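# Architecture at a glance
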Amino acid sequence: VAQSANFFRDESGYLQIQGTRPQTLAYGLTDSPAGLAGWMIEKFRAWSDCGGDLESAISRDELLTNISVYWATGTTNSASRIYYEAMNAGEFQPIATRIEVPTGCAIFPKETVRAPRPWAERAWNVQHWTEMPRGGHFSALEVPDLLVADVRSFYRTRRS
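The structure displayed is predicted, hence computed values, not measured ones. (Residues numbered from 1 in each chain as written. Predicted model: local features only at pLDDT ≥ 70, side-chain atom pairs only at ≥ 80, totals over all residues. Heavy atoms only, no water.)

### Concerning the packing of helix 3 (residues 22-31) against helix 4 (residues 33-47)
Put simply, the rule reads: Note on definitions: angles span 0 to 180 degrees between N-to-C directions of axes, and those axes are lines fitted to C-alpha atoms, for helices only across the stretch in contact. Each helix is a run of H or I in the DSSP string that is no shorter than four residues. Each strand is a run of E no shorter than two, and both are numbered from the N terminus. Residues count as neighbours in contact if any of their non-hydrogen atoms are within 4.5 Å of one another. Note on residue classes: Ala, Val, Leu, Ile, Met, Phe, Trp, Tyr, Cys and Pro are nonpolar, Asp, Glu, Lys and Arg are charged, and everything else, Gly too, is polar.
Where helix 3 contacts helix 4, the two axes come as close as 5 Å, and the packing angle between them is 115°. Of the residues in helix 4, those in contact with Leu25, Leu29 and Asp31 of helix 3 are Pro33, Gly35, Leu36 and Trp39. Looking at the contact of helix 3 with helix 4 residue by residue, the classes come out as 5 nonpolar, 1 polar and 1 charged.

As structure tokens, this is what we get:
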């Protein structure tokens, strides 16, 4: 809970700007490859389980590929706009109705926001809970082997 509070205090500026003024941000990031790289790398470094050394978690090639995809496709605006749409639809509120779909949770130690298991179980029908040894918000890039193994493990139990 304290880690989540620290995240919202120190790291959630992106949420406010993308949730309220995504178009303004998109113009700046679409106009400047250096600006786009700076914006994205700052998030990768802050939200990855890298201890300050980003390339220990995500390779330079993976970072540049990710940034290049946004740059070449001009999708900075659509990537930011989802925050605006969610915020205006009230999607950043606590879940009011429990979701009964069987749910698997992979809990990475450096994820930006992590709910304690009892809280998650009040909101979702948690059938699978794995506390990972490493990884952060970008787990698919940081520790893809752990993520894939856990997804497979969860779905193995869902087969009829």
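Text resumes after the structure shown.
### Considerations on the pairing of strand 1 (residues 99-107)
Consecutive side chains of a regular strand alternate in pointing toward one face of the sheet and then the other. Under the convention used in this document: A pair of strands counts as paired when DSSP detects no fewer than two bridges linking them. Throughout, right-handed denotes a crossover for which the path from the first strand over the helix to the second runs clockwise when the strands point away from the viewer.
Bridge analysis of strand 1 against strand 2 (residues 124-131) gives 7 bridges, and the strand direction is parallel. Residue pairing across strands places Ile99 opposite Trp124, the latter belonging to strand 2. Each parallel crossover has a hand, and for strand 1 linked through helix 7 (residues 117-123) to strand 2 it is right-handed.

### Concerning the pattern of salt bridges
Any two side chains of opposite charge can pair if their charged atoms end up close together. Applicable threshold: Salt bridge, as used here, is a side-chain nitrogen of Lys or Arg placed within 4 Å of a carboxyl oxygen of Asp or Glu. Working definition: with a 1.4 Å probe on protein chains only, accessible area under 20% of the residue-type maximum means buried, over 50% means exposed, and in between means partly exposed.
Tallied over the full model, the rule gives 6 salt bridges. In this structure, Asp10 and Arg9 form a salt bridge, with 2.8 Å as the shortest nitrogen-oxygen distance. Residue Glu85 pairs with Arg81 through a salt bridge whose shortest N-O separation is 2.9 Å. Highlighted residues: Glu85 and Arg81, both in helix 6 (residues 76-88), separated by 4 residues, approximately one helical turn. When its relative accessible area of 39% is taken as the criterion, Glu85 is described as partly exposed.

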